[in-house]
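If you want the building blocks of each chain, they are given just below.
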Amino acid sequence: MKIKKYKFQKHGDERGMLVALEEFKEIPFHVKRIYYIYDTLPGVRRGFHAHKKLKQILICVKGSCKLHLDDGHETKEVVLNKQYEGILLENNIWREMYDFSPDAVLMVLASEMYDEKDYIRDYNDFLKFVASEEKNV
Ligand code: TYD
C-alpha cells in the first residue's frame, strides 16, 4: 500500500513543543493547499473517497482519529494520535476517517488545489480505476 508514516522532528524546550514542516524536506511535494477538519460530531465517519492524482499528508495536530485505508487489494487501520506524526497517502487510496476524539483537529497538506474531478467517490468506480491503472503499467 502506498502509504508512509512520518515522525517529524520535535523542537522542544522548557517552553513547550514545535514542529516545522517544509516542502521537499519533511513534505515530499509542493504544498498547494492546507485544510483541517475539527468539531467532528461523535460517531461520524467521513472521507469515503480516493484521488486520481492528489497526494496528501494527514496530521492529527490535536486529539486523535483513525483512518481506514484501502488500495483495492488490502486494507489497513491507522491511528493518528501524535502531533509529530504524519501519514502520506498517495493517489488511489480509498480513505475513511472515524473515531474522532471531541477535540480532534485533522490537518491535511495537499499537493494540488481542490478539484472535484480528482475525486473518486464511488467504491466500485475506485476498484475499476485501480484495475485500469494496473493494466496500463
Ligand atoms: P468533503 O469532501 O465532503 O470532506 P471529506 O471527504 O474529507 O469528508 O468536503 C466537505 C466540503 O468542503 C465540501 O463541500 C467540499 C469542501 N472542500 C473545499 O471547498 N475545499 C477543500 O479543499 C476540501 C477538502 C473540501
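What counts and how
Residues numbered from 1 in each chain as written. Predicted model: local features only at pLDDT ≥ 70, side-chain atom pairs only at ≥ 80, totals over all residues. Heavy atoms only, no water. Near = heavy atom within 4 Å. Polar contact = N/O pair within 3.5 Å; in protein donor to acceptor, adjacent residues only side chain to side chain. Areas by Shrake-Rupley, 256 points an atom, 1.4 Å probe, with all protein chains shown as cover. Helix = DSSP H or I, 4+ residues; strand = E, 2+ residues; numbered from the N terminus. 1 Å grid on protein atoms, 1.4 Å probe; cavity = no way out; pocket = protein on both sides within 12 Å on 5 of 7 lines; lining within 4 Å. Points joined across faces, edges and corners; volume = space filled by probe spheres on them. Nonpolar A, V, L, I, M, F, W, Y, C, P; charged D, E, K, R; others polar.

**Examining the site of the ligand**
Then step 1. Taken together, Arg-33, Tyr-35, Arg-46, Gly-47, His-49, Met-97, Tyr-114, Tyr-119 and Arg-121 are the residues near the ligand.
Then step 2. Within the side chain of Arg-33, one N or O atom sits 2.4 Å away from an oxygen atom of the ligand.
Then step 3. In the model, an oxygen atom of the ligand is placed 3.1 Å from a nitrogen or oxygen of the Arg-121 side chain.
Then step 4. The fraction of the free accessible surface of the ligand (530 Å²) that becomes covered by protein chains is 59%.
Then step 5. Going through the elements one at a time, β4 (33–38) and β5 (46–51) are the ones with two or more residues in the shell around the ligand.
Then step 6. Top element by residues in the shell around the ligand is β5. It accounts for 3 residues.

**Looking at empty space enclosed by the protein**
Then step 1. Inspection of the entire model under this criterion finds 1 cavity of 30 Å³ or more.
Then step 2. Contributing to the lining of the largest cavity are Tyr-35, His-49, Gln-56, Leu-58, Arg-95, Met-97 and Val-108.
Then step 3. Breaking the lining of the largest cavity down by element, the ones donating at least two residues are β6 (56–62) and β10 (94–98).
Then step 4. Across the lining of the largest cavity, the residue classes break down as 4 nonpolar, 2 polar and 1 charged.

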